[in-house]
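In case you want the letters, here they are:
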Amino acid sequence: DNPRWHGVPFIMKAGKALDDRKAEIRVQFKDAPAASFLFGGEQMSRNELVMVLQPKEAVYLKMNVKTPGISTEHTGSELDLSYQSRFRNLYNPDAYTRLLLEALQGNQ
């Protein structure tokens, strides 16, 4: 109940016995106000911020951008930070390993 978030939909999806085991947060932004004017009314996907918590941690921003040059065509692009590719040579323990380590160190 906050005026700042009034009218913003929050959708939670969950399920059991699914093919994939994953946990992620997706934030879809509103349609850009001038997009229909700039790109001739073409249907475009929304810009989206995705935070993947399990199984492979990652943060990426999916966005629509204008293709270079004088044309007015758009294309999708991603700004990607996946921990597995960015921090290749570092050991990144999973959640249970970190939990056990915390317990062994006496932290609760």
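Remember, it's a predicted structure, so these values are computed and weren't measured experimentally.

A. Looking closely at the environment of Gln43. Looking at where Gln43 falls in the secondary structure, it is placed in the loop between α1 (35-38) and β2 (48-54). Taking the C-alpha atoms as reference points, Gln43 and Pro55, separated by 12 residues in sequence, lie 32 Å from one another.

B. How the structure looks around the confidence of the model for the protein chain. For the protein chain, per-residue confidence averages 80 on the pLDDT scale, and 98% of positions sit at 70 or higher. Per-element averaging of pLDDT across the protein chain places α1 at the bottom with 72 and strand β3 (residues 58-66) at the top with 87.

C. Structural detail: the pattern of salt bridges. For the coordinates displayed, the defined rule picks out three salt bridges. The shortest N-O distance in the salt bridge between Arg26 and Glu24 comes to 2.7 Å. We classify Arg26 as partly exposed; its relative accessible area is 41%. For Glu48, the salt bridge goes to Lys62, with nearest N and O atoms at 3.3 Å. Here Glu48, found in strand β2, pairs with Lys62, found in strand β3; they are 14 residues apart in sequence, far enough to count as distant. On the basis of relative accessibility, which here comes to 6%, the residue Glu48 falls in the buried class. Judged by its relative accessible area of 29%, Lys62 is partly exposed. Overlapping salt bridges bring together Glu24, Arg26, Glu48 and Lys62 as one network.

D. Local environment of the sheet that holds β2. The strand order β1-β2-β3-β4 describes an open sheet built from four strands, whose pairing is antiparallel. Two strands close off the open sheet at either side, each with one partner strand: β1 (23-28) and β4 (74-82). Sheet twist, expressed as the mean angle between neighbouring strand axes with direction ignored, is 15°. Sheet topology places β2 next to β3; five bridges connect them, and they run antiparallel. Its bridge partner lying in β3, Glu48 is registered against Lys62.

Quick notes on the rules
- Residues numbered from 1 in each chain as written.
- Predicted model: local features only at pLDDT ≥ 70, side-chain atom pairs only at ≥ 80, totals over all residues.
- Heavy atoms only, no water.
- Helix = DSSP H or I, 4+ residues; strand = E, 2+ residues; numbered from the N terminus.
- pLDDT = per-residue confidence, 0-100.
- Salt bridge = Lys/Arg side-chain N within 4 Å of Asp/Glu carboxyl O.
- Buried < 20%, exposed > 50% of the residue type's maximum accessible area, 1.4 Å probe, protein only.
- Pairing = 2+ DSSP bridges.
- Axes fitted to C-alpha atoms, helices over the stretch in contact; angles between N-to-C directions.

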